[in-house]
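Spelled out, the chains give:
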Amino acid sequence: MIDNFWAVVPAGGAGTRLWPVSRATAPKFLRDLRGSGRTLIQETHDRLVPLAGERLVVVTGAAHAAAVAEQLPDVPADSIIAEPSARDSMAAIGLAAALLERRDPHAVMGSFAADHVITDPDGFGDAVRTAVAVAREDWLVTLGIEPTFPSSAFGYIRSGDGLDGHPGAQRVAAFVEKPSVEVATGYLAEGGYRWNAGMFVVRPTVLLDLLGEWHPEFAASLRAVAAAPDTLSEVWPSLPKIALDHAVAEPAADAGRVATVPASFAWDDIGDFDSLATLLEGEDPVTVLGDATAVHAVDATGLVVTGGRTIAVVGLEDVVVVDTPDAVLVTSRARAQEVKAVVAALKESGRADLV
């Protein structure tokens, strides 16, 4: 366990590219997407407890707070913070930082999303310990994931010079927005680039002070809510909707105040059914999540998510079939990212009951 280390778990987002498995009422972090018997937020909890013990805080939407509490019975009720509405990651993580700043003046916090898959807890723990040591010296630290292919779905971290006194840690030269596959291929060939998984380790006061440099009213509002929690519902709608990356990490990197710890553990954010298929695939040509006896495949490859009915797939390559009680999805792995367009169309047509 790491002294004075607090794990903050932002649990938000609807996972629209994983519809119809992931819905606004039951997003992907509440689902078992690996067939492990544990949901993604439970797996996140499991790998953080050895590092933080009981010092774990979850920030989630008010609609999901009860489900989070049910899935994480060991987390005290006052450690599950319910956002009145979605205001993006800066508000969620910033609120946790403001509360921890008052609760533990020696705290170092790490923010780790509830819906990421990390199958090497030891490697993850080693990277976090290194990041905490750097963060104690007032750096904003991010874990940089080693790219395994030229992805256009992730932002990138460009590393700079090494950090004195911390072998393996480096200064962040810049955060790079999601590139094209061609540009990402160049990044991998050049070296020095890592995927930005949005995992940050920092002292709460440092995070809020950095926020105050570029968004002073935002930082002041978060600290005011922490001082008077009963004002949360009143203040929350006035907070900017902005990601921590844009609000703090990018300008702080330009100012030379962000460090990165390169991490080699396997990581996936299960952004769509193609990445889920990659994560789960084994020797069988058709990967099944759910009841494998319900799937009959003939000369076919791809992913099938079962929902109780018998599913037959014949003569299709790299297909995705997802069966749920009220909706069925059929697409290809290559076009899995476009599922979010279906969700948008359903919303526009007034079928909020399906999303």
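Residues numbered from 1 in each chain as written. Predicted model: local features only at pLDDT ≥ 70, side-chain atom pairs only at ≥ 80, totals over all residues. Heavy atoms only, no water.

Undergrad: I'd love a proper account of the overall build of the protein, names of residues and values included.
TA: Check the secondary structure of the protein and you find 11 helices and 17 strands. The globule rule puts the C-alpha radius of gyration for 355 residues at 20 Å, and the 21 Å found for the protein is close to it. Expressed as lengths along the three principal axes of its C-alpha atoms, the size of the protein is roughly 60 × 50 × 40 Å. For the protein, the residues scored as buried account for 52% of the 355 residues in total. For the protein, long-range pairs separated by at least 24 residues make up 67% of all intrachain contacts whose partners lie at least 6 apart in sequence. Of the roughly 15800 Å² of accessible surface on the protein, 50% is carried by carbon and sulfur atoms. When the 27 basic and 48 acidic side-chain charges of the protein are each reduced to a single mean position, those positions are 4 Å apart. (Helix = DSSP H or I, 4+ residues; strand = E, 2+ residues; numbered from the N terminus. Rg over C-alpha atoms; globule rule 2.2 N^0.38 Å. Buried < 20%, exposed > 50% of the residue type's maximum accessible area, 1.4 Å probe, protein only. Contact = heavy atoms within 4.5 Å. Areas by Shrake-Rupley, 256 points an atom, 1.4 Å probe, with all protein chains shown as cover. Lys, Arg positive; Asp, Glu negative; His and termini not counted. Charge placed at Lys NZ, Arg CZ, Asp CG, Glu CD.)

Undergrad: So what's going on with the layout of surface pockets? Which residues, and what values?
TA: Approximately 240 Å³ is the volume found for the second largest pocket. Forming the walls of the second largest pocket are Val 57, Asp 78, Ser 79, Ile 81, Leu 95, Ala 96, Leu 99, Leu 100, Arg 103, Val 225, Pro 229 and Leu 232. Here the element with the most residues in the lining of the second largest pocket is helix H3 (residues 88-103); it accounts for five residues. In terms of residue class, the lining of the second largest pocket is made up of nine nonpolar, one polar and two charged. (1 Å grid on protein atoms, 1.4 Å probe; cavity = no way out; pocket = protein on both sides within 12 Å on 5 of 7 lines; lining within 4 Å. Points joined across faces, edges and corners; volume = space filled by probe spheres on them. Nonpolar A, V, L, I, M, F, W, Y, C, P; charged D, E, K, R; others polar.)

Undergrad: Can you lay out H3 for me, pointing to particular residues and giving the numbers?
TA: Taking 1.5 Å of rise per residue, 16 residues should cover 22 Å, and H3 covers 24 Å from first to last C-alpha, within 8% of that figure. Buried residues of H3: Met 90, Ala 91, Ala 92, Ile 93, Gly 94, Leu 95, Ala 96, Ala 97, Ala 98, Leu 100 and Glu 101, and no others. (Expected span 1.5 Å × (residues − 1).)

Undergrad: I'd like to hear about the environment of Leu 188, residue by residue, with values.
TA: Positionally, Leu 188 belongs in helix H5 (residues 181-190). In the structure, Leu 188 is positioned 142 residues away from Val 330 in sequence and 33 Å away in space, judged by C-alpha atoms. Once residues lying within four places of it in the same chain are set aside, the contact partners of Leu 188 are Pro 147, Phe 149, Pro 150 and Tyr 156.

Undergrad: Which residues make up the sheet that holds strand S12 (residues 286-289), and what values do they have?
TA: Within the open sheet, the four strands sit side by side as S12-S14-S16-S17. Their pairing is mixed. Looking at the sheet topology across the chains shown, the edges are occupied by S12 and strand S17 (327-332). Averaged over all pairs of adjacent strands, the angle between strand axes in this sheet comes to 10°, irrespective of strand direction. The pairing of strand S16 (residues 319-324) with S17 spans six bridges and is classified as antiparallel. Directly across from Val 319, in S17, lies its bridge partner Ser 332. Each of S12, strand S14 (302-305), S16 and S17 touches helix H10 (residues 273-280); the most contacted strand, S14, lies at about 100° to it. (Pairing = 2+ DSSP bridges. Axes fitted to C-alpha atoms, helices over the stretch in contact; angles between N-to-C directions.)

Undergrad: So what about the nonpolar core? Which residues, and what values?
TA: When a protein is soluble and globular, its nonpolar side chains tend to lie buried together. Phe 124, Leu 143, Met 199 and Phe 265 are the most contacted members of the largest nonpolar core, which has 49 residues in total. The element contributing the most residues to this core is helix H4 (residues 121-135), with seven residues. Ignoring any residue separated from it by four or fewer positions in sequence, one finds Phe 265 in contact with Ile 118, Asp 120, Gly 123, Phe 124, Ala 127, Leu 143, Ile 145 and Met 199. Of all hydrophobic cores here, the second largest spans 44 residues; its members include Ala 219, Val 235, Ala 247 and Ala 253. (Core = buried A, V, L, I, M, F, W, Y, C linked by side-chain atoms within 4.5 Å.)

Scope: geometric values only; no functional claims are made or implied.
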